[in-house]
2 protein chains.
Amino acid sequence: MISLKQLRYFDAVAREKHFGRAAEQCAVTQPALSMQIQDLEQQLGTQLLERGRRGVMLTESGREIAERAAKVLTDIRDIVDFARHQGDVPAGRLHLGVIPSIAPYILPPLLPVLREQYPDLDLHLRETQTQHLVRELLDGQLDLLLLGLPVEDPHIETAALFDDRFLLATSKSHPITANLRATPEMLEQDRLLLLEEGHCMRDQALAVCDLQRVGNLDTSGSSSLSTIVQMVANGLGITLLPELCLDVESRHGAINVIRFADPEPSRTIGLAWRRSSPRKPHFVELGKLIKAVGNRQPPAASA
Amino acid sequence: MISLKQLRYFDAVAREKHFGRAAEQCAVTQPALSMQIQDLEQQLGTQLLERGRRGVMLTESGREIAERAAKVLTDIRDIVDFARHQGDVPAGRLHLGVIPSIAPYILPPLLPVLREQYPDLDLHLRETQTQHLVRELLDGQLDLLLLGLPVEDPHIETAALFDDRFLLATSKSHPITANLRATPEMLEQDRLLLLEEGHCMRDQALAVCDLQRVGNLDTSGSSSLSTIVQMVANGLGITLLPELCLDVESRHGAINVIRFADPEPSRTIGLAWRRSSPRKPHFVELGKLIKAVGNRQPPAASA
DNA sequence: TTTTATCATCAGATTTTCTGATCGGTATGT
DNA sequence: ACATACCGATCAGAAAATCTGATGATAAAA
């Protein structure tokens with residue numbers, strides 16, 4: 001089997017046209033180099049060098065093979081360089097999964113920042129529900145998740161980024177609009193509109209109600225907060241909105257948004273990755289950026 | 001130092017996603033492969049593989065490096081293939097030196113044949129006098145010479161191809177035209193036109209005369225047989241022509257050409273190469289071709 | 001002729017690499 | 001819950017490869 005060492009030695013000889021100097025360059029003795037060259041010639045079944053009185057000269061095969069060898073050695077150097085300067089900064093392909101109740105609100109401001117900060121990062125996005133994200137993460141189809149914590153899995157490590165308060169959203173004409181602070185009890189007074197089954201925000205919203213009252217729930221469920229906001233605006237019910245989405249969803253002013261009385265219910269947004277992933281430092285790095293973007297969202301709102 | 005073995009093992013793992021099977025493919029035990037992979041990862045300062053419960057998966061760096069490694073391994077295979085299928089047939093760059101009294105007559109028919117028989121042969125031609133050819137051969141600037149033998153040099157090996165008879169060329173109106181066979185003595189009767197100093201044919205022609213008569217020599221000498229033939233045709237003297245050139249030089253019928261009486265004087269055309277050259281088999285091969293082409297020249301001539 | 005330069009060869013020392021046994025951890029099936 | 005199978009890591013000793021330093025052979029230079 002031909003080895004890189006042989007190519008390195010041969011490359012040195014091809015450049016120096018002299019075994020002694022080549023050996024010196026390679027930091028070995030001349031016999032060692034001689035033997036490797038001979039072995040290489042035997043492996044290749046060709047004489048690469050003409051040992052003559054006027055030093056060494058390359059045979060025709062030798063010339064061609066020296067060129068190819070030099071190219072291989074360059075490629076090898078590139079591999080090492082690439083690997084070494086890897087790790088410094090998030091780069092390469094990164095498959096990021098985001099839940100639907102975050103994606104539309106975090107990604108628009110986040111993506112430009114990412115592109116600027118980490119131009120070598122080749123981001124691939126996937127938006128779906130937590131359970132699917134987790135499975136795809138474990139399967140290796142995704143590398144990193146942005147979702148609501150906690151994620152309970154022994155193979156997954158998470159990092160919290162920031163808390164995202166829940167706010168009560170009602171129609172402009174709704175009677176409870178007068179209140180300064182909402183309470184969970186108010187949720188019982190009207191039909192509660194939630195995302196369809198499987199969305200973590202649905203479960204979190206139900207948790208806020210503290211009980212499994214299915215009575216005043218819209219049974220169908222919607223697949224996006226936007227749709228729910230439209231419904232709320234048209235008096236079809238009330239809902240909980242994450243503070244994160246306010247900037248987008250209340251921009252048109254068609255709904256009222258009321259903060260809860262203390263303790264304000266909230267969800268924790270965080271990152272998740274395979275415990276076995278070596279990119280944790282990058283993920284933490286990215287987390288800082290996402291946190292910064294998340295906090296740049298309006299810090300509070302009451303109308 | 002990173003080694004090809006490591007890349008080979010890593011490539012196998014990248015394809016198999018399984019240390020055991022990869023090791024089997026590489027015909028080593030799993031620990032051996034494991035250790036090489038670990039060493040590679042350390043050399044590169046990057047984790048290449050994520051060892052997970054669902055088998056092994058490549059990290060992002062791993063994927064990139066696996067691709068590059070595969071490419072390097074392919075290049076290596078190409079080098080070996082190239083080298084192995086080398087030697088079969090004359091190919092690659094070949095610097096051929098030819099003396100001026102052969103080149104114009106052998107090359108026109110030879111080159112098309114060469115191109116057809118050995119399409120991978122990249123022929124570079126040099127036409128000059130023997131002494132220069134020999135020096136350039138020893139210097140490695142030329143690989144093979146086509147010239148008149150013998151060549152006396154301990155570092156040069158030669159192979160005779162065919163004999164090339166000398167013929168006496170006179171003008172149409174010359175009195176000795178009547179003779180059926182020429183003799184060396186006839187050369188004394190008229191001015192002998194020869195190539196300039198340094199051409200082997202000049203020396204060979206003088207040898208035919210058996211003596212160093214400079215009396216009736218054209219002192220200047222010409223640099224090509226064509227010119228001499230013109231001079232002969234115009235009655236400026238006589239000359240010796242190699243049979244090889246007849247087809248070209250007597251085509252126009254402006255001169256008379258007479259064979260010598262036995263023993264017919266001749267020169268031996270042959271090949272010469274550095275004794276240290278590994279391409280001797282190719283040269284012998286090429287020699288057969290040149291011989292065939294040389295013999296296809298008119299076998300004799302008397303007018 | 002002697003000297004110098006250069007690559008090849010050789011034996012023994014050194015280093016690298018491999019094997020075979022074993023460990024620890026995880027997933028799977030009962 | 002337990003037993004089992006699987007997988008990669010680890011380790012010590014064996015085997016193989018590589019290197020060194022001395023020497024040889026040959027050709028060019030002095």
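Residues numbered from 1 in each chain as written. Chains lettered and ligands numbered in written order. Predicted model: local features only at pLDDT ≥ 70, side-chain atom pairs only at ≥ 80, totals over all residues. Heavy atoms only, no water.

## Topic: the protein's contact with DNA strand D
This is how the line gets drawn: We call a residue near a molecule or strand whenever a single non-hydrogen atom of that residue lies within 4 Å of it. Within 3.5 Å is the distance limit for a polar contact, defined as a pair of N or O atoms, with the added protein rule that one can donate a hydrogen and the other accept it, and that residues adjacent in sequence qualify only through two side-chain atoms. Here a strand is any run of E in DSSP of at least two residues, a helix any run of H or I of at least four, and the numbering for each starts at the N terminus. Residues are grouped as follows: Ala, Val, Leu, Ile, Met, Phe, Trp, Tyr, Cys and Pro are nonpolar; Asp, Glu, Lys and Arg are charged; all remaining types, including Gly, are polar.
Near DNA strand D lie 19 residues; those nearest to it are A:Tyr9, A:Thr29, A:Arg53, B:Ser34 and B:Arg51. Restricting the count to atoms of DNA strand D within 4 Å of the protein gives a sugar and phosphate share of 71%. A distance of 2.9 Å is found between a base nitrogen of DNA strand D and a side-chain nitrogen or oxygen belonging to B:Gln30. B:Arg51 places a polar side-chain atom, nitrogen or oxygen, 2.6 Å from a phosphate oxygen of DNA strand D. Looking at the surface near DNA strand D, the elements with two or more residues in it are α1 (4–16) and α3 (30–44) of chain A together with α2 (19–25) and α3 (30–44) of chain B. Of the residues in the surface near DNA strand D, the class split is eight nonpolar, eight polar and three charged.

## Quick notes on the side chain of A:Arg279
Quick note on the threshold: Residue contacts are counted whenever heavy atoms from the two residues lie within 4.5 Å of one another.
Looking at the secondary structure, you find A:Arg279 in the loop between β9 (266–274) and α10 (280–295). Apart from the residues within four sequence positions on either side, A:Arg279 is in contact with A:Ala91, A:Gly92, A:Arg93, A:Leu94, A:Asp143 and B:Glu60.

## Structural notes on the pattern of salt bridges
What counts, and what does not: The rule for a salt bridge is simple: a side-chain nitrogen of Lys or Arg has to be within 4 Å of a carboxyl oxygen of Asp or Glu. Using a 1.4 Å probe on the protein chains alone, a residue whose accessible area is under 20% of its type maximum counts as buried, one over 50% counts as exposed, and one in between counts as partly exposed.
In total, this model carries 34 salt bridges over all chains according to the counting rule given. Here A:Arg21 ties to A:Glu16 by a salt bridge, and the two come within 3.2 Å at their closest N and O atoms. Here A:Glu16 falls in the partly exposed class, since its relative accessible area comes to 22%. Put simply, A:Asp75 and B:Lys71 hold a salt bridge, and the shortest N to O gap is 3.1 Å. A residue pair is termed interchain when its members come from two chains, as with A:Asp75 in helix α4 (residues 60–84) and B:Lys71 in helix α4 (residues 60–84). If you follow the salt bridges from partner to partner, you end up with A:Glu50, B:Asp143, B:Arg274 and B:Arg279 in one network.

## Digging into the side chain of A:Ser101
All names here are of chain A. The residue serine 101 is located in the loop between β3 (92–98) and α5 (103–117) in this model. A polar atom in the side chain of serine 101 sits 2.8 Å from the side chain of arginine 267. Setting aside residues no more than four positions away along its own chain, serine 101 makes contact with Leu195, Met201, Leu225, Pro242 and Arg267.

## With respect to the relation of the copies chain A and chain B
Rule in force here: Residues reaching a pLDDT of at least 70 in both copies supply the C-alpha atoms on which the copies are superposed by least squares.
Here chain A sits on chain B after a turn of 179 degrees about the axis and a move of 0.0 Å along it, with an RMSD of 0.2 Å. Here the copies are linked by what is in effect a two-fold axis. In terms of C-alpha distance to the rotation axis, chain A has A:Leu4 as its closest residue, with the C-alpha 2.8 Å off the axis. A symmetric contact is evident, with 100% of the interface residues of chain A recurring at the interface of chain B.

## Here we look at the packing of aromatic side chains
What counts here: By convention, a stacked pair of Phe, Tyr or Trp rings (six-membered ring in the case of Trp) has centres within 6.5 Å and planes under 30 degrees apart, an edge-to-face pair has planes over 60 apart, and any other such pair is tilted. Two limits define a charge over a ring: the Lys NZ or Arg CZ must be within 6 Å of the ring centre, and within 35 degrees of the ring normal.
Throughout the structure, instances matching the rule amount to two aromatic pairs over all chains. With a centroid separation of 5.6 Å and an interplanar angle of 45 degrees, the aromatic rings of A:Trp273 and A:Phe283 are classed as tilted. Placement of A:Trp273 in strand β9 and of A:Phe283 in helix α10 is noted, with a sequence separation of 10 residues between them. Residue A:Trp273 is classed as buried on the basis of its relative accessible area, which comes to 1%. In this arrangement the basic side chain of A:Arg68 is found over the ring face of B:Phe82, its NZ or CZ atom lying 4.7 Å from the centre.

## With respect to the packing of α4(A) against α4(B)
Describing two packed helices takes the angle between their axes plus the distance from one axis to the other. Worth spelling out the cut-off: In this analysis an axis means a line fitted to C-alpha atoms, helices contributing only their contacting stretch, and an angle means the value between N-to-C directions, from 0 to 180 degrees. Any angle that is under 35 degrees is reported as roughly parallel, and any over 145 degrees as roughly antiparallel; angles of 65 to 115 degrees are reported as roughly perpendicular and all others as oblique.
Taken N-terminus to C-terminus, the directions of α4(A) and α4(B) make an angle of 170 degrees; their axes are 10 Å apart at the nearest point. The angle between α4(A) and α4(B) falls in the class roughly antiparallel. Residue classes in the contact of α4(A) with α4(B) are distributed as 14 nonpolar, two polar and 10 charged.

## Section: helix α6 (residues 130–139) of chain B
Residues of α6(B) that are buried include every one of B:Thr130, B:Leu133, B:Val134, B:Glu136, B:Leu137 and B:Leu138, and no others. Just beyond α6(B), the residue with positive phi is B:Gly140, at close to 90 degrees.

## Concerning the protein's contact with DNA strand C
For DNA strand C, the set of nearby residues contains 19 residues, the closest of which are A:Ser34, A:Arg51, B:Tyr9, B:Thr29 and B:Arg53. Per the 4 Å cut-off to the protein, sugar and phosphate atoms form 73% of the nearby atoms of DNA strand C. Here A:Gln30 contributes a side-chain N or O atom positioned 3.0 Å from a base nitrogen of DNA strand C. One of the side-chain N or O atoms of B:Gln36 is found 3.1 Å from a phosphate oxygen in DNA strand C. If you list the elements that add at least two residues to the surface near DNA strand C, you get α2 (19–25) and α3 of chain A together with α1 (4–16) and α3 of chain B. In terms of residue class, the surface near DNA strand C is built from eight nonpolar, eight polar and three charged.

## Here we look at the confidence of the model for chain A
All names here are of chain A. This is how the line gets drawn: The quantity known as pLDDT measures the predictor's confidence residue by residue, on a range of 0 to 100.
Across chain A, pLDDT averages 86, with 91% of residues at or above 70. Helix α7 (residues 200–209) is the least confidently modelled element of chain A, averaging 84 in pLDDT, while strand β5 (residues 144–149) averages 95, the highest of any element. Segment residues 299–303: pLDDT under 50, and 10 contacts once partners within four positions in sequence are set aside and those in other chains are kept.

## Overview of the domain arrangement of chain A
Residue and element names in this part refer to chain A. The cut-off we apply is this: Segmentation of the chain into domains, including their bounds, is taken from an automatic or database domain assignment. Buried area: the sum, over both parts, of the accessible surface (1.4 Å probe) that disappears when the two are put together.
In terms of domains, chain A is made up of domain 1 (4–84), domain 2 (92–161 + 269–295) and domain 3 (165–266). Listed by partner, the interface residues are 12 residues for domain 2 and 15 residues for domain 3. The contact between domain 2 and domain 3 buries some 890 Å² in all, and 65% of this surface belongs to carbon and sulfur atoms. Interface area lost by domain 2 to domain 3 is led by Ser101, Tyr105 and Gln129, which between them contribute 63%. Across the contact surface, domain 2 and domain 3 share zero salt bridges. Across the contact surface, domain 2 and domain 3 share two residue pairs in polar contact (both at pLDDT 80 or more). Elements represented by at least two residues in the side of domain 2 that touches domain 3 include exactly α5, α6 (130–139) and β5. Residue classes in the side of domain 2 that touches domain 3 are distributed as six nonpolar, six polar and no charged.

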